[in-house]
Every structure is written in structure tokens, then in C-alpha cells.
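Single-letter residue listing:
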Amino acid sequence: MAEVRLIAETRTEFGKGGARRTRRAGKIPAVLYGHGLDPRHLSLPAREFAHALKGGANTVLTLEFPDGDQLALPKSVVRHPLRDYVEHVDLLVIRRGEKVTVDIQIVVTGEAASGTLVLTEANSLSIEVEAMSIPESLTVDIDGAEPGTQILAGDVRLPAGATLVTDTEALVVSVQNAPTAEQVEAETEQAEADAGVERDQPQTPED
């Protein structure tokens, strides 16, 4: 996992007005906490932070303060629902050598046997891993998998030293027989018929 250096500035303005002024200045309001330390309110350069996130949600950040550097991990990134810019960030203090719990994206590779349908039941797994060795993704290989194949969380290969936090019996990927054209057509006709019945149902007057 990449490690990125960012200049962190202490924030002295709080509330919505202060946050807006911080964002207008091209920075992101943030809070740094963890290891029993008092929460530290700061701002980060917006452009550099957005670039850092391209390396993955679990990118380790080295925050440069006037009194020294601090390692941190993005814990919560709040984005504007319409404009898709970062509104606020919660950062977790980490230290080299310690383990952290993170959600890691699952990447499915390979092609299952002909005539099958692959269903991804989980997009990520939660693992505990050394803070400086967080993987970018976890790979699930389905090459040649036959119908009926089920890959559980406990079957996914983890990096050395990592521990699975997700339930080992959680279903990650399943391989089924692909529906025939006749089955798809029948299901479509049934869905259309059900929709027609619902539209024809008399409406009950509201009190």
C-alpha cells in the first residue's frame, strides 16, 4: 500500500462557516484521533488528498506538522452527495508495527466453466493487518470453476501476517448454471404479468 506525505495545518475555526472557509481555500477539514490522544482538528490540501485516495481508500498518510510527522489512515471520508468533492475526513492515528482493521476490496479473476453464471456476494473483506503492509486488494481466482462452486471468506488467500475479521463462513463468490434463453424469457413474461396485476389492483382510499 502506498504511503503519501501531506502538509497538515491546525484548524482554529469550527462549525459550518469555518468548514466552508477552509474548503474555499482549497483545503479539507479533518479530525485526527486515536491512541488515547485528544482529537486534533486540522486541514489538508484538497488536491493532494484527492490524488492520495487514487492509491486506495487505505492509503497510509504521513502528516507533516511543525512539531513532527504523524502516520494516519483515512477512517471516514465524507463526500458531497451532488458535487462529489470531499467535505470532511476522519483520520486514525497509526504507528509502524501495529495492526489495524481495514476493509479490502475483492478482485475476481479468471473465467468459470462454460455455461455458468458467477455471482459476487461480497465486494470486500475485513482483515487485521500490519499498518504498513495493507494490501490494495484480495484476489479470488475462479478460473475453470464448475457450477455449484462456492468460495467462502475463509477460502480467500490473505497476505502473510494478516488475520480474517469477517466470518469465515461468509459467502464471497458462487458459481451457478447460467439460465437458458427460455428461462429468461419465462421470467420476463412472469415479471411483466405480475406488474400488470399490480397496476390493475383497485386502490384503497386513504382515511
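Residues numbered from 1 in each chain as written. Predicted model: local features only at pLDDT ≥ 70, side-chain atom pairs only at ≥ 80, totals over all residues. Heavy atoms only, no water.

1. Some details on the packing of aromatic side chains
So, point 1. In total, this model carries zero aromatic pairs according to the counting rule given.
So, point 2. Here R40 stacks its cationic end above the ring of F65, 3.8 Å away from the centre of that ring. (Phe/Tyr/Trp six-rings, centres within 6.5 Å; stacked < 30°, edge-to-face > 60°. Lys NZ or Arg CZ within 6 Å of the ring centre and 35° of its normal.)

2. What about the pairing of strand β11 (residues 137-141)?
So, point 1. Residues L138 and V140 line the buried face of β11, whereas the alternating positions S137, T139 and D141 sit on a face that is not buried.
So, point 2. In this structure, strand β8 (residues 99-109) lies alongside β11, joined through five bridges in parallel fashion. Across the sheet, the residue bridging to V108 is V140, located in β11. (Buried < 20%, exposed > 50% of the residue type's maximum accessible area, 1.4 Å probe, protein only. Helix = DSSP H or I, 4+ residues; strand = E, 2+ residues; numbered from the N terminus. Pairing = 2+ DSSP bridges.)

3. Some remarks on the layout of surface pockets
So, point 1. Put simply, the largest pocket is a space of about 290 Å³.
So, point 2. Looking at the largest pocket, it is lined by 18 residues, and the ones nearest its centre are G56, A57, N58, P74 and D103.
So, point 3. Of all elements in the fold, only β6 (68-79) and β8 reach the threshold of two or more residues within the lining of the largest pocket. (1 Å grid on protein atoms, 1.4 Å probe; cavity = no way out; pocket = protein on both sides within 12 Å on 5 of 7 lines; lining within 4 Å. Points joined across faces, edges and corners; volume = space filled by probe spheres on them.)

4. Quick look at the nonpolar core
As a rule of thumb, soluble globular proteins bury nonpolar side chains together.
So, point 1. Residues V102, L125, I127, V140 and V172 are the most contacted members of the largest nonpolar core, which totals 27 residues.
So, point 2. Of all the secondary-structure elements, those providing two or more residues to this core are β6, β8, β10 (124-130), β11 and β14 (171-177).
So, point 3. Considering every element that reaches this core, the biggest residue donor is β8, with four residues.
So, point 4. With sequence-adjacent residues up to four places away left out, V140 is seen in contact with I106, V107, V108, T109, I151, V156, V172 and V173.
So, point 5. Counting 18 residues, the second largest nonpolar core, distinct from the first, contains L32, F49, L53 and L63. (Core = buried A, V, L, I, M, F, W, Y, C linked by side-chain atoms within 4.5 Å. Contact = heavy atoms within 4.5 Å.)

5. As for the pattern of salt bridges
Any two side chains of opposite charge can pair, so long as their charged atoms come close to each other.
So, point 1. On inspection of all chains with the given rule, the structure shows four salt bridges.
So, point 2. A salt bridge links E64 to R5, with the nearest nitrogen and oxygen atoms 2.7 Å apart. Within this pair, whereas E64 is found in strand β5 (residues 60-65), its partner R5 is found in strand β1 (residues 3-7), the two being separated by 59 residues in sequence.
So, point 3. With a closest N to O distance of 3.3 Å, D67 and R40 form a salt bridge. (Salt bridge = Lys/Arg side-chain N within 4 Å of Asp/Glu carboxyl O.)

6. Thoughts on the side chain of S43
So, point 1. Along the chain, S43 turns up in strand β4 (residues 37-45).
So, point 2. The exposure class assigned to S43 is buried, which follows from its relative accessible area of 5%.
So, point 3. Beyond its immediate sequence surroundings of up to four residues, S43 is in contact with I7, A8, E9, R11, T22, K27 and I28.

These figures come from the coordinates and say nothing about function on their own.
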